[in-house]
Amino acid sequence: MVHVYNCHPFASQQIVPTEQEPGLFCCGGDVLFVVSAGGCKIEAFSLQEDSCTPFCRFSTMGNVLRIAHSEVGDYLVTIEEKSSSIYLRAYTNWRCQTAEKTRVGVRLLGHFVRNSSFRSSPKEQMEIIEIPLSETPLCISCCPHTGDLLVGCEKNLIIFKLKNEVLHEQLSALDFERFLILHVPGWIPTAVCYCAGYIAVQIDLEVLVVKLEYVQKSSQDVSIMLSKDERTDDKPDLKRQASQNETDDFCIFQKHQEMLGQAAVECGVSVTPEKTGMDFDEDIKIQYILYRRFAPDFFQGHTVEETRLRSLSLLPIYRTGNSNHCGDARPRELLNMLCFFSLPNTGYLYSLKSPVELISNYQYPEKALAAVLSTRFLYVITSHDLQCFTVRCSALAARLEDPYMDTTMRTCPPTSLEVCALRIQLFIGLQALCLCKNHLILLTKVDVDSDGRDGKVTRSTLSKKASFKKKTPEGGHGWNLYIVDNIPVIQLYREMIDYSKKYSASNSQSQNCVHLLCEAHLLLRAALMDPMLTKTDEREELMAAFRESCILLGDCYSRLDTRESHLALPYYKMSGWSMTDIINRNLTFSQKAHTFGKGFMFYLKNSLCDETGEELSTDIAEQVLTIFSSAEPSQLPHIVCSPSMINANPATTFMCLERWEAITPSVTVTLTKAATALKMKDLQLYKRQMDRHAEMLQVYGFIEEPKLLIHRTAEGIKPTALACHLRETQDGLLVAATVALHENGKMKLTEADVFFKVMCKETGHTESEPQLLVDFWEALLVASAQESIIQDLLFKLVSVYIHRISVKENLSIKPLKTAEDLINSSTHYGLIFPWVTVITPAHFNIAYEYQEDLQKLQALLCGPSLEVSSIFPLLEHLSDKDNAGFSIHVLCASKQGQCEHAIVRLLDTCPEAIMLYANHELHHDKQALWWQKLLPEVCERIKSSEDKSDILLFSLKETLSVIAMELNPLDFLRLMPDDGMAAFFLPYLFECSQKSLITQGECN
C-alpha cells in the first residue's frame, strides 16, 4: 500500500459560474473552456489567482464530443456530432467573442475568404475551420511545441501541421495542412498524445509510444523502411486470421507484456508513415519507444469497461530556466519526455529518453476514474475523493541536467524513491478533472434524490460529508464545477518539515522522517525548474528553503548507520553551511546520543581531505581531534595534515598522535609527528622522529599521506613547512618522495612544477627553472614509463640545458645527479659519442655546471628517446660559434640524417673529429658518403691548404683505406684525382686489388 501523509496541498476552492450544466471542459493557458451538457455551447472563463470570471461564450456547429486547446496558435479543436455525422473543426480568433454579435466565418481547410471586409478587419471575427476526413475522428491531441494537430481515426493517425498563411502584407490567418498519415492496422485508438515528435496511442489494454525521426533522403533508406513495413504488416494479419478462427464460446486474452526501447520493434504493431501535402527534403522513420500490454484482471471486481486503460498523457521536462513565455522566442531545451497511463487500481510513469524505463508505479487505495500528471504531483480522482501523489520528475530532470549529480558534490533523492500520497481529500461525486497551471478543475455530479444505494448520495449524506455548498436544482441531479487552488510551495514545504519533525522527535533515525524530507526537497526542485518562475524574490525564497532542506537531509543522513549515510556529505555541501556550523550542529546531537553518526564521520573525513575547505579555529580544531581520537583514531595522521587543521594546537596534536602510535606504530604517524615537532619549533624532537626510519620507508609514508608535503588550497599549490625544511636539509628525499607521488597518481606533473617553483621562491631562489625542479625532472625521467610524460620531460630538460649553456647563468646549487650518474641509470641518456668528446673534451674551458649541463644535453642527443625535430625552435637560441654550441648543432644535424652537412661543418671547424665521426656515423645506407662526400672534401681542402695539414693527410689516408676495402679496383681508379701523385695512391690501389683477388678466390 502507498504511504499516506496528512499534508494539505490544496489551499482553497471556488465554483465556476457556469450558466448550464457542464459536460466537457479543458484548459488553455489561463483560460478554462466549458462545454455545456447539451454540447453546443462553449463558455470561456479567465482564471486568475483568486478569481474566475467569464471571458466569452460562443456556440458550436454540433454536439461537442472531444475538445482540446493549443497554446501555440491559441486555437480550439473539437470533434462534433451533428445529424449522426462526426466532424473535426478548429476555432481560431475565439477571443473576438468577448464582443457581442461579432461575426463568425466558416471555411474549409486551405480555403480563405478574400473579400474586402475580411481584409480590412482580419482579427474581428472568429473563424471555424472545417477539417475534412475520410475516416471518423475518435480522439485528438495538440503538440505544445509546434501547435500541430494529431487526430486518431479508426485505422490511421493523421498529423496536421499548423501554419500561418500570409494572405497579403497586413493579413495572415491560421490554417492547417495535412502533413503525415500513420497507418496502424488493427488499432482503434481510445486516446492519443502528441508532443515534440513523440506519439502515444492507447487502446483498451495496450499502449504504444513511437517517435518520428527525420533523416536525409536515401534510396537505400527508403527500401529498408519499406521492407521493414512489409514484414510488420504481416503480423496484424495473422492476428486477425487467428481471431476469425476463434469460436463464440471462448474469449482469449493475451498475457502481460512490456517492451522498452529497441525491443518494442517486436511488439507486432505496424506503424507505416505516408507523407502527404508537401515536398520533403527528409525521410521520416518510426522509432519504437515503448509497448505495454495488460491482461484484464476480473478478480479485482471490475467489469470489462472499468478495466480499460485511461488518462494517457505525455509530459515534457525542460532544462531549468528555459521558457518561451513572456515574449521569449528561444526554443526550450527538452531534457526528457514522460509518459503516464493508468488502470483502475494502478498508474504507470515511464521515462521515454535513453534509457526507457519505468520510473514509478502508483498503487491506488481504491478504483480511480481519471488522473492528471504535473511536474510536481499526480492527481487522481475516485467517485468520492481527490488524491494527491508525489512524482519523481524533478529527480529525473536533476540527473539529466547536472553531470555532477550523485557525486560527493551534489545529490538528489533517487527516482526509485517510493512514492506517497500527501493527501486524500473527500470530494463527493467526482466525474472528471483537468489541470491548469496552479489550478485543478473538478467536475462533480451527484443524484440528490437517490436513497444512497449503488454508490449514489442522498441529500442527508451530502449535507454531512460535503464541506462545501453545491448547487442543487429542484429535483434531478446536483452538479458543480470547482477550481481547487494548490497551496503555495513554500507553505506546503513548511508543513512537510513540521510533519517530519514529529517523526524525528520519536525516532531521530526514522525512515518516515527521511522520506518526507526527500519529498519536500523534490517539491522545491520541481518549483525551481518551473519555466514560469521569473520573479527574483520568489526564486530567492525557494533557494533559501532548498538550502534548508539540504541541511535537514544532511542532519538525517549524518546520524544514520546505513549504506545511505554517505549522502550526508553532498547534502551538507549543497546547504552552503560552513564546516564549523555543521560540526557544532552534530556536537549538540552527539551530546544527547553519546555517539557520532556514521554519516557525520564520513562528512568530516571528506571535508577535511578537501583541501580547499575553510580553516577551523583552534577550539573547533581541538574538538575535531577529540572526535577522531575517540571515534576513528586511525584517521588522525590524515586529519592532522589537512590545511583546515592549520590552527590546531601542535602540543595537543602531538599527544594524540603519540597515544595512537603506542597502539599502532607506522611510518606515516612518525612523519606526522615530525611535521608537528617542526611546527612546535623543536628541531631535536624533529630529528629524533626522522631518524627512526630509513629514507626509503619515509617515501612510502609520503605516498600514504601526500598532505605532509603539499597542500592544494583555494589559492593554489602550497608546500608545507616540512617540505620547505626538507628542501634545505634532505633535498634528495624530497625529490624521491615527489617522484613517488607522481608515479602513484597522487600528484600531477604540472602540480609538481608549481610545487617546486613556489617552494624555491619562498626560500629565496630566483632561477626561472630552479635546480631542484630540474633534479625532479631528471629523477622522474629515470623512473617514468609513460611515453607522453617522457617526451614532455625531455623537452623541459632540453629547454633548461640549452638556456643555461646559452645564457651562462651561475648556479647556486649543484645538481643531485651528474651526467655520468644519469647515463648509468637511464636509457634515455646515451653514451656520448667519441667524436663529440673531441669537440668538447672533459676539461673544456667552461664552468663546471655548464660542463654538466652540456654533457647531459649531449647524452640526451646521443640517446634513443629524444625527437630532435621537437627541439629545433630551441636551437635558435644556441649559438654555434663556440665548441659547445657547435657540438649540439652537429649532433642534431646527424640525428636528422644530414651527414653531408655535418661532414662539411666538421672539416671546416674541427677536422680532428672527422674520422671518428665517419667511423661512427657512415654505415649502412650512409657508407657511400665515404667516397661520394668525404674523399672529395678532404682532397679539396688538401689542395687549397698551403701547409698541407697533417690532420687532413691523416684523414685522407684513413679514408682511402676504408674505400679500398669496400670498392673494386676499377671503381677505386675512377675516384683517383687527376692531379694526384701516383706514388701516394698506389699502396691503396694495391690493397684494393689484393682484396678483390682474395674475394674472387673465395667465390671460385
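Keep in mind that this is a model prediction, so the values were computed, not measured. (Residues numbered from 1 in each chain as written. Predicted model: local features only at pLDDT ≥ 70, side-chain atom pairs only at ≥ 80, totals over all residues. Heavy atoms only, no water.)

Let's shift gears to the overall build of the protein chain. Along its length, the protein chain carries 33 helices and 34 strands. Going through the 1004 residues of the protein chain one by one, you find that 51% of them count as buried. Pairs at least 24 residues apart make up 63% of the contacts formed inside the protein chain by residues separated by at least 6 positions. Roughly 46700 Å² of accessible area belongs to the protein chain as shown, and the carbon and sulfur atoms make up 51% of that amount. (Helix = DSSP H or I, 4+ residues; strand = E, 2+ residues; numbered from the N terminus. Buried < 20%, exposed > 50% of the residue type's maximum accessible area, 1.4 Å probe, protein only. Contact = heavy atoms within 4.5 Å. Areas by Shrake-Rupley, 256 points an atom, 1.4 Å probe, with all protein chains shown as cover.)

Within helix α16 (residues 683-690) the residues assigned to the buried category are L685, Y686, Q689 and M690. For α16, the angular spread of the buried residues around the axis is 135°, confining them to a single face. In α16, those exposed residues whose orientation departs by more than 90 degrees from the buried face are Q684, K687 and R688. Buried residues in α16 make contact with α14 (650-663), α15 (667-679), α17 (695-704), α18 (721-729) and α19 (731-743). (Arc of directions from axis to C-beta.)

Our focus in this paragraph is the confidence of the model for the protein chain. Looking at the protein chain as a whole, its pLDDT mean stands at 84, while 85% of the residues score no less than 70. Scored below 50 in pLDDT, residues 219-247 makes 26 contacts in the model with residues more than four places away or belonging to other chains. Note on residues 450-476: pLDDT is under 50 here. Beyond four places in sequence and across chains, it has 46 contacts. (pLDDT = per-residue confidence, 0-100.)

Along its 13 residues, helix α27 (residues 883-895) runs 18 Å from first to last C-alpha, staying within 8% of the 18 Å computed at 1.5 Å per residue. Counting buried positions over the 13 residues of α27 gives 10, a clear majority of the element. Listed as buried for α27 are A884, G885, F886, S887, I888, V890, L891, C892, A893 and S894. Just downstream of α27 lies G897, where phi reads positive at about 85°. (Expected span 1.5 Å × (residues − 1).)

On to the sheet that holds strand β28 (residues 385-390). Strand order in this open sheet of five strands is β1-β29-β28-β27-β26, and the pairing throughout is mixed. Edge positions in the sheet fall to β1 (3-4) and β26 (370-373), since each of these pairs with one other strand and no more. Where β1 meets strand β29 (residues 420-426), two bridges bridge the pair, whose relative direction is parallel. Looking across to β29, one finds that H3 is bridged to C420. (Pairing = 2+ DSSP bridges.)

Spatially, the four strands line up as an open sheet ordered β3-β4-β5-β6, and their pairing is antiparallel. At either end of the open sheet lies a strand with only one pairing partner, and these are β3 (22-28) and β6 (52-59). Taken over all neighbouring pairs, the strand axes of this sheet differ in orientation by 25° on average, direction set aside. Two elements, β3 and strand β4 (residues 31-36), share six bridges in a ladder whose sense is antiparallel. Bridge pairing in β4 links C26 to F33. (Axes fitted to C-alpha atoms, helices over the stretch in contact; angles between N-to-C directions.)

A contiguous nonpolar surface patch, about 340 Å² in accessible area, is contributed by M696, L697 and Y700. Tracing the backbone through its elements, the reader meets L697 in helix α17. (Patch = residues over 30% accessible without salt bridge, like charges linked within 9 Å, V, L, I, M, F, W, Y side chains within 5 Å. Salt bridge = Lys/Arg side-chain N within 4 Å of Asp/Glu carboxyl O.)

With that out of the way, let us pick up unusual backbone geometry. At S84, a position not held by glycine, the phi torsion is positive, near 65°. For S84, a relative accessible area of 71% translates into the label exposed. Phi at N93 takes a positive value of approximately 55°, unusual for a residue other than glycine. Examined against the element boundaries, N93 turns out to sit in the loop between β9 (85-92) and β10 (104-108).

Using the criterion set out here, one finds 33 salt bridges in the structure. One salt bridge connects E751 with R712, and the closest N-O pair in it is separated by 3.1 Å. Taken together, the positions of E751 in helix α20 (residues 749-762) and R712 in strand β33 (residues 710-713) put the pair 39 residues apart, joining distant regions of the chain. In the salt-bridge network here, residues are joined through shared partners; they are E658, E661, K673 and R692.

Two elements in contact, α15 and α16, have axes whose closest approach is 8 Å; the angle formed by their N-to-C orientations is 165°. Judged by the inter-axis angle, α15 sits roughly antiparallel to α16. For the pair α15 and α16, the crossing hand works out as left-handed. Across the interface between the two elements, T670, L671, K673, A674, A677 and L678 from α15 touch L683, L685, Y686, Q689 and M690 from α16. By residue class, the composition of the contact of α15 with α16 is eight nonpolar, two polar and one charged. (Parallel < 35°, antiparallel > 145°, perpendicular 65-115°, else oblique. Left-handed = near helix turned anticlockwise from the far one by under 90°. Nonpolar A, V, L, I, M, F, W, Y, C, P; charged D, E, K, R; others polar.)

Counting across every chain of the model gives 24 aromatic pairs. On the numbers, 6.0 Å between centres and 70° between planes, the contact of F55 with W94 is edge-to-face. With a gap of 39 residues between them, F55 in strand β6 and W94 in the loop between β9 and β10 connect regions that are remote in the sequence. Between F755 and F756, the aromatic rings sit 5.1 Å apart at their centres with planes inclined by 75°, giving edge-to-face as the arrangement. Across the pair, exposure class does not vary: F755 and F756 are buried alike. Three or more aromatic residues joined by ring pairs form one cluster here, namely F294, F341, Y348 and Y350. (Phe/Tyr/Trp six-rings, centres within 6.5 Å; stacked < 30°, edge-to-face > 60°.)

Our focus in this paragraph is the packing of α15 against α18. At a minimum axis distance of 9 Å, the contact between α15 and α18 shows a crossing angle of 85°. Taken together, the axis directions place α15 and α18 in an arrangement best described as roughly perpendicular. Where α15 abuts α18, its residues L671, A675 and L678 lie against A721, L722 and H725. Across the contact of α15 with α18, the residue classes break down as five nonpolar, one polar and no charged.

Moving on, we come to the pairing of β28. Burial within β28 is extensive, with six of its six residues counted as buried. Relative to β28, strand β27 (residues 377-381) runs antiparallel, the two sharing five bridges. The partner of Y379 across the bridge, within β28, is C388. Counted between consecutive antiparallel strands, the loop separating β27 from β28 contains three residues. With five bridges connecting them, β28 and β29 associate as antiparallel partners. Among the inter-strand pairings, D385 is bridged to a residue of β29, identified as L426.

Once that is clear, we can look at the side chain of S644. Within the element layout of this structure, S644 appears in the loop between α13 (636-640) and α14. Classification of S644 by relative accessible area gives buried; the value is 1%. Among the polar contacts made by the side chain of S644, one reaches the main-chain carbonyl oxygen of E614 at a distance of 2.9 Å. Look past the residues within four positions of S644 in its chain and what remains in contact with it is M579, L608, G613, E614, E615 and L616. (Polar contact = N/O pair within 3.5 Å; in protein donor to acceptor, adjacent residues only side chain to side chain.)

A cluster of like negative charges, contributed by D537, E538, E540 and E541, occupies part of the molecular surface. Relative to the helices and strands, E538 resides in helix α8 (residues 536-558). (Lys, Arg positive; Asp, Glu negative; His and termini not counted. Charge placed at Lys NZ, Arg CZ, Asp CG, Glu CD.)

Let us now look at the pairing of strand β12 (residues 137-142). Among the six residues in β12, five count as buried, and that is most of the element. Bridge count for β12 against strand β13 (residues 149-153) is five bridges, and the pairing is antiparallel. Paired with P137 across the two strands is C153, which belongs to β13. Hairpin connection between β12 and β13: a loop of six residues separates the two successive antiparallel strands, and G147 in this loop has a positive phi of roughly 80°.

To continue, consider the environment of Y91. Residue position: Y91 is located in strand β9. Not counting residues within four places of it along the chain, the set of residues in contact with Y91 comprises F58, S59, T60, M61, Y75, L76, T78, E80, M126, E127 and I128.

Right, let's talk about the side chain of E80 for a bit. When you line up the elements, E80 lands in strand β8 (residues 75-82). Judged by its relative accessible area of 0%, E80 is buried. Side-chain polar atoms of E80 contact the side chain of T78, separated by 2.7 Å. There is a polar contact of 2.5 Å between the side chain of E80 and the side chain of Y91. For E80, the contacting residues outside a window of four places in its chain are T60, M61, G62, N63, V64, L65, S85, I86, Y87, R89 and Y91.

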